[in-house]
Amino acid sequence: MTERRIIVALDVSSATELRELVTQIKDTDCRVKIGKELFTSIGPLAIEICHDAGLDVFLDLKFHDIPTTCARAVRAAARWGVWMTNLHCSGGAEMMLVVREMLEGERHRPFLIGVTVLTSMSLAGLRQLGIERDLGSQVDYLAGLAHIAGLDGIVCSGQETQRLRKSIGQDFCLVTPGIRPVWANDNDQARIVTPAQAIANGSDYLVVGRPITASENPQNAIARIVAEM
Ligand code: C5P
């Protein structure tokens, strides 16, 4: 059983908002995710604020570039001491391999996670890119490439976890956003699962944003989700 399986998405854009949120959740059973908006707004200060509060950071910047550039960016993330970071599997097997190999030489090695097909992507969108597979097959294909390249896992929706867990096995980390406890608002998420379903389907970590951050009592919201799991 993995400890601290909830990753709170810190989708704010200023240091003031971040400090406020971090103060509310720092003593709970969670880790945190810093995404593109927060990182582009205040930079590595976001990581420092979270680390100062004793929180493990998933740096969700979804790197995608030529292998060397991508590897150097991920190395920089490793040197900030982040717990987890990610890149796009569609950057290719060589890119994933070069990144992983560069991390081997680092003193601190974050979990390296692949993004397969964004959940916002439709079948029509895939066709537009010239991809003939359906969405599920493309996810499976990219997950397989990530596994072969030695990544530690992938981000996937709650509806994909069961299938991927079966095909890829236990030794691969599945990180799942789109989590909604029964008592929470769906917001703009479409293919949602509850925390209990996500765990039953084989997810290792659950990314949860607004059900916690928009709650009047984020600490209590986390406790309820942990209990539900
Ligand atoms: O507030 P909510 O729980 O919907 O936030 C989910 C978080 O996970 C957001 O930071 C969102 O960008 C991220 N995410 C997602 N779906 C993906 C990948 C990431 O919702 N496929």
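For the structure itself, look to the data block above.
Residues numbered from 1 in each chain as written. Predicted model: local features only at pLDDT ≥ 70, side-chain atom pairs only at ≥ 80, totals over all residues. Heavy atoms only, no water.

Colleague: When you look at the packing of aromatic side chains in this model, what are you seeing that I'm missing?
Modeller: Any aromatic ring pair is given by two values, namely how distant the centres are and how the planes are angled relative to each other. Under the counting rule described, the total for this entry stands at two aromatic pairs. A centroid spacing of 5.9 Å and a plane angle of 75 degrees characterise the contact between Trp83 and Phe111, whose relative ring orientation is edge-to-face. Remark: Phe111 occurs in strand S5 (residues 111–115) and Trp83 occurs in the loop between helix H4 (67–79) and strand S4 (84–88); sequence separation between them is 28 residues. Ring centres of Trp83 and Tyr205 lie 5.1 Å apart, and the angle between their planes is 80 degrees; this geometry places the pair in the edge-to-face category. Of this pair, Trp83 sits in the loop between H4 and S4 while Tyr205 sits in strand S8 (residues 205–208), and the two are 122 residues apart along the sequence. Taken as a pair, Trp83 and Tyr205 share a single burial class, namely buried. Each residue in the set Trp83, Phe111 and Tyr205 is aromatic and connected to the rest through ring pairs, giving one cluster. (Phe/Tyr/Trp six-rings, centres within 6.5 Å; stacked < 30°, edge-to-face > 60°. Helix = DSSP H or I, 4+ residues; strand = E, 2+ residues; numbered from the N terminus. Buried < 20%, exposed > 50% of the residue type's maximum accessible area, 1.4 Å probe, protein only.)

Colleague: Quick question: what am I supposed to make of the side chain of Thr28 here?
Modeller: With respect to the helices, strands and loops of the structure, Thr28 is situated in the loop between helix H1 (15–25) and strand S2 (30–34). When residues no more than four places from it in sequence are discounted, the contact partners of Thr28 are Gln219 and Ile222. (Contact = heavy atoms within 4.5 Å.)

Colleague: It is not clear to me how a negative patch on the surface should be interpreted in this structure. Could you clarify?
Modeller: Residues Asp11, Glu17, Glu20 and Glu37 make up a contiguous surface patch of negative charge. As for its placement among the helices and strands, Glu20 is situated in helix H1. (Patch = residues over 30% accessible without salt bridge, like charges linked within 9 Å, V, L, I, M, F, W, Y side chains within 5 Å. Areas by Shrake-Rupley, 256 points an atom, 1.4 Å probe, with all protein chains shown as cover. Salt bridge = Lys/Arg side-chain N within 4 Å of Asp/Glu carboxyl O. Lys, Arg positive; Asp, Glu negative; His and termini not counted. Charge placed at Lys NZ, Arg CZ, Asp CG, Glu CD.)

Colleague: Looking at this model, I keep getting lost on the site of the ligand. Mind explaining?
Modeller: The ligand sits among Ala9, Asp11, Lys33, Thr119, Pro177, Arg180, Gln189, Val207, Val208, Gly209, Arg210 and Pro211. A distance of 2.8 Å separates an oxygen atom of the ligand from a polar atom in the side chain of Asp11. Within the side chain of Arg180, one N or O atom sits 2.8 Å away from an oxygen atom of the ligand. Summarising the interface, the protein chains cover 81% of the accessible area of the ligand, which totals 470 Å² for the free molecule. Of all the secondary structure elements, the ones that give two or more residues to the shell around the ligand are S8 and helix H10 (210–213). Residue composition of the shell around the ligand, by class: five nonpolar, three polar and four charged. (Near = heavy atom within 4 Å. Polar contact = N/O pair within 3.5 Å; in protein donor to acceptor, adjacent residues only side chain to side chain. Nonpolar A, V, L, I, M, F, W, Y, C, P; charged D, E, K, R; others polar.)

Colleague: Help me understand the pairing of S4, please; the structure alone is not making it clear to me.
Modeller: Moving residue by residue along a regular strand, the side chains alternate between the two faces of the sheet. Counted residue by residue, S4 has five buried out of five residues, so it is predominantly covered. Going residue by residue along S4, you find Met84, Asn86 and His88 tucked away on one face and Thr85 and Leu87 tucked away on the opposite face as well. Both strand S3 (residues 57–63) and S4 contribute to a ladder of three bridges, which runs parallel. Within the sheet, the bridge partner assigned to Phe58 lies in S4 and is Met84. Tracing the backbone out of S3, into H4 and back to the parallel element S4 gives a crossover that is right-handed. Here five bridges tie S4 to S5, and the two strands are oriented parallel to one another. By the bridge assignment for S5, Thr85 is matched with Leu112. (Pairing = 2+ DSSP bridges. Right-handed = clockwise from strand over helix to strand, strands pointing away.)

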